[in-house]
Amino acid sequence: MSALPTLSYLPSMAGPQTIGDLYKAELILEAEVAAAVDAYMDNPRTTTFVFAGGYSINLMAAVRAQPSAKKLINDPEASEGLKRAAVRKAILLARPVKG
């Protein structure tokens with residue numbers, strides 16, 4: 001009988017898996033995620049965004065890495081709210097670097 005895998009929302013010793021993991025562990029606040037969304041929406045060419053604790057992501061690359069976000073951002077008929085939600089999801093799925 002094999003053991004069931006355990007899920008943990010705390011970053012491992014090897015580092016966090018995603019910004020969403022840091023958010024779930026309350027190491028990144030909602031206000032920081034919202035600020036990252038704002039930064040991207042203000043300038044889609046924004047690259048480095050630094051969160052508390054020295055974690056950073058490339059916003060432009062994060063959005064481009066998510067096909068649904070990339071598609072919605074370029075859809076002139078998509079609402080601002082839908083675009084912001086897609087960018088937020090892309091940010092939460094992004095893998096940060098520390099330092």
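Thresholds applied
Residues numbered from 1 in each chain as written. Predicted model: local features only at pLDDT ≥ 70, side-chain atom pairs only at ≥ 80, totals over all residues. Heavy atoms only, no water. Salt bridge = Lys/Arg side-chain N within 4 Å of Asp/Glu carboxyl O. Helix = DSSP H or I, 4+ residues; strand = E, 2+ residues; numbered from the N terminus. Buried < 20%, exposed > 50% of the residue type's maximum accessible area, 1.4 Å probe, protein only. Lys, Arg positive; Asp, Glu negative; His and termini not counted. Polar contact = N/O pair within 3.5 Å; in protein donor to acceptor, adjacent residues only side chain to side chain. Contact = heavy atoms within 4.5 Å. pLDDT = per-residue confidence, 0-100. Expected span 1.5 Å × (residues − 1). Arc of directions from axis to C-beta.

**Student:** Explain the pattern of salt bridges to me, and be specific about the residues and the numbers.
**Tutor:** Scanning the entire structure with this criterion turns up two salt bridges. A salt bridge links E30 to R88, with the nearest nitrogen and oxygen atoms 2.6 Å apart. On the criterion of sequence distance, the pair formed by E30 in helix α2 (residues 30-42) and R88 in helix α5 (residues 80-93) is long-range, its members being 58 residues apart. With relative accessibility at 36%, the residue E30 sits in the partly exposed group. Among the ionic pairs, R84 bridges to D38, the shortest N-O distance being 2.3 Å. Taken together, the positions of R84 in helix α5 and D38 in helix α2 put the pair 46 residues apart, joining distant regions of the chain. By relative accessible area, which is 27% here, R84 ends up partly exposed. The exposure class of D38 is partly exposed, given its relative accessible area of 34%.

**Student:** Can you break down unusual backbone geometry residue by residue, with the values?
**Tutor:** With phi around 60 degrees, E26 is a residue other than glycine that occupies positive phi space. Inspection of the secondary structure puts E26 in the loop between α1 (19-24) and α2.

**Student:** Explain the side chain of E32 to me, and be specific about the residues and the numbers.
**Tutor:** Take E32: it is sitting in helix α2. One buried charged residue, E32, remains without a salt bridge, the closest side chain of opposite sign being K98 at 11 Å. A polar side-chain atom of E32 sits 2.5 Å from the main-chain amide nitrogen of A52. In this structure, E32 is in contact with L27, F49, F51 and A52, ignoring residues within four places of it in sequence.

**Student:** Please provide a residue-by-residue account of the confidence of the model for the protein chain, values included.
**Tutor:** Parts of the model with low pLDDT should not have their predicted coordinates read in detail. Residues at a pLDDT of 70 or more form 84% of the protein chain, whose mean pLDDT is 88. Predicted confidence is poor over residues 1-13, with pLDDT under 50, and the contacts of this stretch with residues over four places away or in other chains come to nine contacts.

**Student:** So what about the environment of T48? Which residues, and what values?
**Tutor:** Relative to the assigned elements, T48 resides in strand β1 (residues 48-50). With a relative accessible area of 56%, T48 lands in the exposed category. C-alpha separation for the pair T48 and L59, spaced 11 residues apart in sequence, amounts to 6.4 Å. Leaving out residues up to four positions away in the same chain, T48 has contacts with S56 and I57.

**Student:** Provide a residue-level description of α2, including the pertinent values.
**Tutor:** Its 13 residues place the ends of α2 18 Å apart at the C-alpha level, agreeing with the 18 Å of an ideal helix rising 1.5 Å per residue. Those residues of α2 lying buried are E32, V33, A36, V37, A39 and Y40. The arc enclosing the buried residues of α2, seen along the axis, measures out at 160 degrees, which places them on a common side. Exposed side of α2, more than 90 degrees from the buried face: A31 and D42 are the residues found there. Looking at the buried side of α2, the elements it contacts are α1, β1, α3 (59-64), α4 (67-73) and α5.

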